[in-house]
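Structural characterization, general
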Amino acid sequence: MGASYQVQLQSGALVYTVSGRGRSNEKSSTINPTPAQWREFRQALDGLRVWHWRESYPTNGVTDGTQWSLDIAFEDRSIKTQGSNNYPDRDGKPNDKPEPTDSFKHYLDAIKKLAGGKPFA
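Let us look at the structure shown here. (Residues numbered from 1 in each chain as written. Predicted model: local features only at pLDDT ≥ 70, side-chain atom pairs only at ≥ 80, totals over all residues. Heavy atoms only, no water.)

1. Side note on the overall build of the chain
Looking only at helices and strands, the chain features two helices and six strands. For the chain, the N- to C-terminal ordering of α and β elements is β-β-β-α-β-β-β-α. Compactness check: the chain gives a C-alpha radius of gyration of 14 Å against a globular reference of 14 Å for 121 residues, within 12% of the reference. Considering only C-alpha atoms, the chain reaches an extent of 40 × 35 × 20 Å along its principal axes. Considering the chain as a whole, with its 121 residues, one finds that 33% of them fall into the buried category. Taking the intrachain contacts of the chain between residues at least 6 apart in sequence as the baseline, contacts between residues at least 24 apart amount to 43%. Counting 16 positive and 14 negative side-chain charges, the chain places the averaged centre of each group 4 Å from the other. (Helix = DSSP H or I, 4+ residues; strand = E, 2+ residues; numbered from the N terminus. Rg over C-alpha atoms; globule rule 2.2 N^0.38 Å. Buried < 20%, exposed > 50% of the residue type's maximum accessible area, 1.4 Å probe, protein only. Contact = heavy atoms within 4.5 Å. Lys, Arg positive; Asp, Glu negative; His and termini not counted. Charge placed at Lys NZ, Arg CZ, Asp CG, Glu CD.)

2. Brief notes about helix 2 (residues 102-114)
With 13 residues, helix 2 should reach 18 Å at 1.5 Å per residue; the first-to-last C-alpha distance of 18 Å fits that figure. Residues of helix 2 that are buried: Ser103, Phe104, Tyr107, Leu108, Ala110, Ile111 and Leu114. What you see down the axis of helix 2 is that its buried residues fit within an arc of 155°, all on one side. Pointing more than 90 degrees away from the buried face of helix 2 are the exposed residues Asp102 and Lys113. Contact partners of the buried residues in helix 2: strand 1 (4-10), strand 2 (13-19), strand 3 (27-31), helix 1 (35-48) and strand 5 (67-73). Where helix 2 ends, the next residue or the one after it, Gly116, has phi of about 75°, a positive value. (Expected span 1.5 Å × (residues − 1). Arc of directions from axis to C-beta.)

3. Considerations on the side chain of Asn85
Note that Asn85 resides in the loop between strand 6 (78-84) and helix 2. Accessibility expressed as a relative area gives 8% for Asn85, which makes it buried. At 2.8 Å, the side chain of Asn85 and the backbone nitrogen of Thr66 are in polar contact. In this view, Asn85 contacts Thr59, Val62, Asp64, Gly65, Thr66, Gln67, Lys97 and Pro98; residues no more than four positions away in its chain are not counted. (Polar contact = N/O pair within 3.5 Å; in protein donor to acceptor, adjacent residues only side chain to side chain.)

Take a look at the structure:
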């Protein structure tokens with residue numbers, strides 16, 4: 001039960017929330033990315049081919065560890081995906097390992113950059 005990070009779009013701004021162990025000490029802040037930052041984020045998503053990710057990346061028989069989800073929609077594309085100790089590779093295939101793939105790490109970096117450098121993993 002380590003830290004938990006969340007970024008949500010609310011009323012045109014990003015709400016960044018971090019919680020401590022067991023969702024304690026929750027702290028939120030509001031971030032207003034520029035249009036250029038949004039374009040750069042979208043380019044990163046396109047380059048990472050997140051639109052090819054599967055709906056789910058489960059790990060059977062494991063109930064702890066790292067859970068993640070992505071639910072995002074642009075005018076022309078959207079995706080809703082999630083995983084548990086399993087991550088997409090460059091082609092969207094699961095790595096079947098508890099360690100994030102390079103593609104997933106780059107996705108986290110893109111979110112961190114959009115969130116003004118705040119931690120996101």
